[in-house]
Amino acid sequence: MFVARHIAADHKDLIHDVSFDFHGRRMATCSSDQSVKVWDKSESGDWHCTASWKTHSGSVWRVTWAHPEFGQVLASCSFDRTAAVWEEIVGESNDKLRGQSHWVKRTTLVDSRTSVTDVKFAPKHMGLMLATCSADGIVRIYEAPDVMNLSQWSLQHEISCKLSCSCISWNPSSSRAHSPMIAVGSDDSSPNAMAKVQIFEYNENTRKYAKAETLMTVTDPVHDIAFAPNLGRSFHILAVATKDVRIFTLKPVRKELTSSGGPTKFEIHIVAQFDNHNSQVWRVSWNITGTVLASSGDDGCVRLWKANYMDNWKCTGILKGNGSPVNGNSQQGNSNPSLGSNIPNLQNSLNGSSSGRKHS
Amino acid sequence: MEKMSRVTTALGGSALTGRTMHCHLDAPANAISVCRDAAQVVVAGRSIFKIYAIEDEQFVEKLNLRVGRKPSLNLSCADVVWHQMDENLLATAATNGVVVTWNLGRPSRNKQDQLFTEHKRTVNKVCFHPTEAHVLLSGSQDGFMKCFDLRRKDSVSTFSGQSESVRDVQFSIRDYFTFASTFENGNVQLWDIRRPDRCERMFTAHNGPVFCCDWHPEDRGWLATGGRDKMVKVWDMTTHRAKEVHCVQTIASVARVKWRPECRHHLATCSMMVDHNIYVWDVRRPFVPAAMFEEHRDVTTGIAWRHPHDPSFLLSGSKDSTLCQHLFRDASQPVERANPEGLCYGLFGDLAFAAKESLVATESGRKPYAGDRRHPIFFKRKLDPAEPFVGLASSALSVFEIEPGSGSMSWFVDTAERYALAGRPLAELCDHNAKVARELGRNQVAQTWTMLRIIYCSPGLASATSLNHSVGKGSSCGLPLMNSFNLKDMAPGLGSETRLDRSKGDTRSDTVLLDSSATLITNEDNEETEGSDVPADYLLGDVEGEEEELYLLDPEHAHPEEPEYVLPQEAFPLRHEIVDTPPGPEHLQDKADSPHVSGSEADAASLAPVDSSFSLISISHALYDTRLPPDFFSALVCDMLRFYAEQGDVQMAVSVLIVLGERVRKDIDEQTQEHWYTSYIDLLQRFCLWNVSNQVVKLSTSRAISCLNQASTTLHVNCSHCKRPMSSRGWVCDRCHRCASMCAVCHHVVKGLFVWCQGCSHGGHLQHIMKWLEGSSHCPAGCGHLCEYS
């Protein structure tokens, strides 16, 4: 059961991204008003804006946190063709007394010639690495060789995707059996139906990223893409936000069977596809264990998806953006039979079934 | 008014037609200007000066004004302007400071009309008076503006900006005598052409040069200025002081700005460097361009709306030597592409959701997705100009917090904190963990623990009630399977097991009646190899030094053990996992030397049937008299662990792995185990469960994991008396033979945790100092310092 807590964000234009930090106690928002805000959760559960600053000279598309091992570090990317890395400054100052923290720009990554549409830190075990993608179809991977020096980043890889990129996702698996992997989505809307999701894998031998797979079935513009947290799974789960929500599993085919040195081959299955949003799906986000997927679409609703023990994905909840009850009409095709205001319980048991509960 | 009507006639009643198109020029363009008939455009540059006719499908070169054998500097144009009243009249600003007028009506090939060589440096801008046929204005790098009457040979008046250089001059469209000029130093000046002595008004508009300005075609008071500071500002000039009414933030310095016809709030900009695109902004939404034209491959140098009353055709010239006509409906619209929502799953199951307010508005009768979202907004705007501006968007941000107890991640935290992973016999661990899981309402997990206990421990210890509860997956496939198998089938599978396991296996595969004797055999076996029935780890314990005993805390002792489980093995403190050795090869050299706590329980279990053979026979005889060896289940258990891991419950996988230890470890490959461990540790750290995480690291058998908490753990201590590093022990100095760290409270040597005040450097045992500071805020050493303890 969810309780909506509204926050007066006070951004002067659209908010394009929200992001929780590693411990879930801080939140960052970014907006077209060119600013990023950092919110800290108080003891009482309220969110307080502790920093708000102008980060770019264009819309800020994405904001993301680095692993706290590297400090309190944020990365942002913008329409102004840059990505930037920010660090919170610890120290006594007037700002501190007013409950405000101070963030300084550590670096600006200016390699892109077009809007930088996404930025993501690599999983911690890879070190301090950052991937960006841009509208000109290039994924760039940067590394800070010295984790103590956030102002020095070297461009390690440039991967050409041929299509205007809109989103990227690192495979979070920490297993040695899984090479570093990055999925790229494209929102190219040109009519030629090319596959919009490409997956690149790092090859130890060539020390380059090479295309491992292309999801041929996704031909509509992709707005968001997310690998599920991999907590000891042998395979990967990838959620794609396009004109509907899709969930894919990627099972690595055993290395011995493929030619050694080449990219890993995957058995790709689409395990779920939902058009319940009735419109473009803009965002997908996994819960911490990779068992529940949240998606949001043009209908202004957040929908929660969960698999049962048969690997059947079902809707387990609908949340209306303003906290008001969900209109029965917008629920057509939903697996949840009860109409009216319901916000089903999130099950934590393994056999998740949707049990509707009345929401006041 | 008169002008208005003439323009409409020029339009000829028929609307403009055309498409997005471009043509290649021979050289980079510096400026363009459109003829008032909207059918011709002039392109001027350092080495180009041509007139093109704009046809429906293409540009057609009509006239090359660059004539003559040797190119004159007078032809190197910085700016060009076509008179808006006279189709034959053009003016250019040359880079050498000359202002040239051109009369297209001249019969000769050379159309050059007049030459004004009054400026000393490059002329940046020329401008015709909007309603007066013969008045031309120029602004130059030399800091002067000059007004020419084309009927005279030289300038009528000269205006001095008292500043370095003039970047732009523009006659006001509505005020006959007024013009605005912008300067390199960031100022904007307003002049009356009748008063050349001083400007009417001056204000600082930008940081750095103001490259351009444009008067609003309808609103007489509005002036848009663009500068190197990447901003476009709209000023209301009607008030006493120029008031900034809008400010647009672009991504690069603004080279040109042009109001869009018929759209009160729209203006087009292009940049001087870096950015090659042309943007159209709605000044009320200052952060996101309403439209974007991306055709040019180099800097756009000139933009012009094709017709003063048509908002859909924009012409542009560029350094990439192309001339383009852009159609507004072909523009890309960043607003439409921009993601209107943000969504993030929090750690505890809460969701942060930001969405465009119009999407989440309660009564938003939003139409379902209809294929094309890219309906151009300007059409909508044209349909109903009175429609209030809808472009300015804001987002609603909310966090959906999951209510405690109703499916948040609290089960994970509770489970992690309450599970017992080591330090007790296996049966007890399983029982404890099953209880924890049941109390948290995780019945399947509880069932699994119970089953593990049944599989790996003596059956007598399993309570009858918990067996009756075995209705889950395990009971349906596990137990019947066990009964249906013939022992003979099992034998080959056991052949490859280690010796200890084999002996145990034999014990269990015999009938209950033989149990005690079989156990005796086992014991004899052990005696032969190890000299006693003490498990192999004892040997490892034996080689440890004694001195660590003092300050190392055994977690095992924290759990009070129930008397019935006190078996001989437990008398020996299990210290192997806290051995202070680096994770070197010798640490893991032999699988038999398990550094695992619960490894010793294997033997405890193998002895147990002797004690409890009664209950076996009496209660669950039928089930257990053909008991299979635990090894038989290991494949099943491994599958179960994988199942949990794939279901996202890596906690269960790792917990079972640790509790069962050696029993299942060999059946799961190192990489998978390591993956589980790292995943679980990462999760624990997310929830700030540092102690549990450390315990897991400590109990892990994988070398890559167990070294995780051994990196940078060395503390270098210097003697507080002689300042020498204390190499061998932490509390006695080898050189001065004094005890370095005395507790200020009890005056004994501190051998474990030493806490000290950073102000006066006195300190002592953590407990003592804590207790002391509860009662007093002064330093216990009596130095008078007010110590701070946080």
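Predicted, not measured: the structure shown is a model, and the values here were computed from it. (Residues numbered from 1 in each chain as written. Chains lettered and ligands numbered in written order. Predicted model: local features only at pLDDT ≥ 70, side-chain atom pairs only at ≥ 80, totals over all residues. Heavy atoms only, no water.)

Asks: What's the story with the overall build of chain B in this structure? I'm lost.
Replies: Within chain B, the secondary structure is distributed over 22 helices and 33 strands. Of all 790 residues assigned to chain B, the portion counted as buried reaches 53%. Looking at chain B alone, contacts between residues at least 24 apart form 50% of all its contacts between residues at least 6 apart. Only carbon and sulfur atoms are counted for the fraction: they give 53% of the accessible area of chain B, which is about 36,500 Å². (Helix = DSSP H or I, 4+ residues; strand = E, 2+ residues; numbered from the N terminus. Buried < 20%, exposed > 50% of the residue type's maximum accessible area, 1.4 Å probe, protein only. Contact = heavy atoms within 4.5 Å. Areas by Shrake-Rupley, 256 points an atom, 1.4 Å probe, with all protein chains shown as cover.)

Asks: It is not clear to me how helix α7 (residues 443–456) of chain B should be interpreted in this structure. Could you clarify?
Replies: Helical geometry note: an α-helix holds 3.6 residues per turn, so side chains three or four residues apart project in the same direction. With 14 residues, α7 of chain B should cover 20 Å at 1.5 Å per step; its first-to-last C-alpha distance of 20 Å lies within 8% of that length. Extensive coverage of α7 of chain B is indicated by the burial of eleven of its 14 residues. (Expected span 1.5 Å × (residues − 1).)

Asks: How do you make sense of the nonpolar core when you look at a structure like this?
Replies: Grouped burial of nonpolar side chains is what soluble globular proteins tend to show. With 58 residues, the main nonpolar core has F412, W449, L452, V637, W676, Y680 and V696 of chain B as its most contacted residues. Of the residues forming this core, the biggest block, nine residues, is contributed by helix α17 (residues 650–660) of chain B. Every residue in contact with W676 of chain B, bar those within four places of it in the chain, is listed here: G232 of chain A together with L641, R642, A645, V650, A653, V654, L657 and I668 of chain B. Counting 35 residues, the second largest nonpolar core, distinct from the first, contains W61, V73 and F79 of chain A together with W281 of chain B. (Core = buried A, V, L, I, M, F, W, Y, C linked by side-chain atoms within 4.5 Å.)

Asks: For this particular structure, what's the right way to read the UniProt feature "repeat: WD" (unreviewed entry) in chain A?
Replies: All names here are of chain A. According to UniProt, the feature "repeat: WD" (unreviewed entry) maps to residues 8–40 and 274–306 in the numbering used here. Here residues 8–40 runs as 0% helix and 55% strand, with 14 Å between its end C-alpha atoms. Taken as a whole, residues 274–306 contains 0% helix and 58% strand, while its terminal C-alpha atoms sit 12 Å from one another. (UniProt positions renumbered as here; feature names shortened; annotations may be inferred.)

Asks: Quick question: what am I supposed to make of the interface of chain B and chain A here?
Replies: It is common to give the size of an interface as the accessible area that goes away when the parts come together. Listed per partner, the contact involves 79 residues of chain B and 89 residues of chain A. Carbon and sulfur atoms make up 57% of the surface buried where chain B meets chain A, a total of about 7,500 Å² over both sides. When the buried area of chain B at its contact with chain A is split by residue, F287, Y345 and L397 of chain B rank highest and sum to 11% of it. Across the contact surface, chain B and chain A share five salt bridges. One salt bridge in this structure joins R5 of chain A and E401 of chain B, with 2.7 Å as the shortest N-O distance. (Buried area = accessible area lost by both parts, 1.4 Å probe. Salt bridge = Lys/Arg side-chain N within 4 Å of Asp/Glu carboxyl O.)

Asks: Help me understand the sheet that holds strand β21 (residues 266–274) of chain A in this model?
Replies: Backbone hydrogen bonds are what pair the strands of a sheet, in a parallel or an antiparallel way. All names here are of chain A. Within the open sheet, the four strands sit side by side as β18-β19-β20-β21. Their pairing is antiparallel. With one partner strand each, in any of the chains shown, β18 (224–227) and β21 form the two edges of the open sheet. On average, each strand axis in the sheet is inclined to that of its neighbour by 20°, with strand direction left out of account. (Pairing = 2+ DSSP bridges. Axes fitted to C-alpha atoms, helices over the stretch in contact; angles between N-to-C directions.)

Asks: Please explain the pattern of salt bridges as it appears in this structure.
Replies: Side chains that differ in charge, positive against negative, can pair when their charged atoms come close. Residues and elements named next belong to chain A. Evaluation of the coordinates by the stated rule reveals 41 salt bridges over all chains. We note a salt bridge from D299 to R303, for which the minimum N-O separation is 3.1 Å. A relative accessible area of 0% means that R303 is categorised as buried. The network of salt bridges with common partners includes D17, R62, D118, K120, D224 and R283.

Asks: I would appreciate a short explanation of the packing of α7 of chain B against helix α16 (residues 631–646) of chain B in the present structure.
Replies: When two helices pack together, you describe them by how their axes are tilted relative to each other and by the distance separating the axes. Residue and element names in this part refer to chain B. At a closest axis distance of 12 Å, the pairing of α7 and α16 adopts a crossing angle of 160°. Between α7 and α16, the interaxial angle falls into the category roughly antiparallel. For the pair α7 and α16, the sense of crossing is left-handed. Together, Q444, V445, T448, L452, I455 and Y456 of α7 and F633, S634, V637, M640, F643 and Y644 of α16 make up the contact between the two elements. (Parallel < 35°, antiparallel > 145°, perpendicular 65-115°, else oblique. Left-handed = near helix turned anticlockwise from the far one by under 90°.)

Asks: Is there a simple way to explain the environment of S394 of chain B in this structure?
Replies: Residue placement: S394 of chain B occurs in the loop between α4 (377–383) and β31 (395–402). Since its relative accessible area comes to 26%, S394 of chain B is described here as partly exposed. Along the sequence, S394 of chain B and L452 of chain B sit 58 residues apart, while their C-alpha atoms lie 56 Å from each other. When residues no more than four places from it in sequence are discounted, the contact partners of S394 of chain B are D13 and L14 of chain A together with A355, K356 and E357 of chain B. Here the side chain of S394 of chain B touches E357 of chain B through a polar contact of 2.6 Å, side chain to side chain. (Polar contact = N/O pair within 3.5 Å; in protein donor to acceptor, adjacent residues only side chain to side chain.)

Asks: Mind showing me how you'd approach the side chain of T300 of chain B here?
Replies: Take T300 of chain B: it is sitting in strand β26 (residues 300–307). T300 of chain B sits in the buried class, given a relative accessible area of 1%.

Asks: Explanation requested: the sheet that holds strand β25 (residues 313–320) of chain A in the structure shown.
Replies: All names here are of chain A. Strand order in the open sheet formed by four strands is β22-β23-β24-β25, with antiparallel pairing between adjacent strands. The two strands at the open ends of the sheet, each matched to only one other strand, are β22 (281–286) and β25. With direction set aside, neighbouring strand axes in the sheet form an average angle of 25°. Strand direction decides the pairing type here: strand β24 (residues 301–307) and β25, joined by seven bridges, are antiparallel. Bridge pairing in β25 links W305 to C315.

Asks: I keep staring at the pairing of strand β10 (residues 116–121) of chain A and nothing clicks. Help me out?
Replies: In regular strands, side chains alternate between the two faces of the sheet. All names here are of chain A. Of all six residues that make up β10, six are buried, and the element is covered over most of its length. As paired elements, β10 and strand β11 (residues 129–134) share five bridges and run antiparallel to each other. Counted as the bridge partner of D118 is C133 from β11.

Asks: Help me understand the environment of V42 of chain B, please; the structure alone is not making it clear to me.
Replies: Residues and elements named next belong to chain B. In this structure, V42 sits in strand β3 (residues 40–45). Owing to a relative accessible area of 0%, V42 belongs among the buried residues under this scheme. When the C-alpha atoms of V42 and V135 are compared, they prove to be 20 Å apart, with 93 residues separating the residues in sequence. Residues contacting V42, with those up to four places away along its chain left out, are A31, I32, S33, F49, K50, I51, V80, W82 and L90.

Asks: Just to check I follow, could you spell out the packing of aromatic side chains for this structure?
Replies: Aromatic ring pairs are defined here through the distance separating the ring centres and the angle between the ring planes. All names here are of chain A. As enumerated under the stated definition, the model contains 27 aromatic pairs over all chains in all. A ring pair is formed by W65 and W103, whose centres lie 6.0 Å apart and whose planes are at 70°; its orientation type is edge-to-face. Note that W65 is positioned in strand β6 (residues 60–65) and W103 in strand β9 (residues 102–109), a separation of 38 residues in sequence. There is no split in this pair, since W65 and W103 are both buried. (Phe/Tyr/Trp six-rings, centres within 6.5 Å; stacked < 30°, edge-to-face > 60°.)

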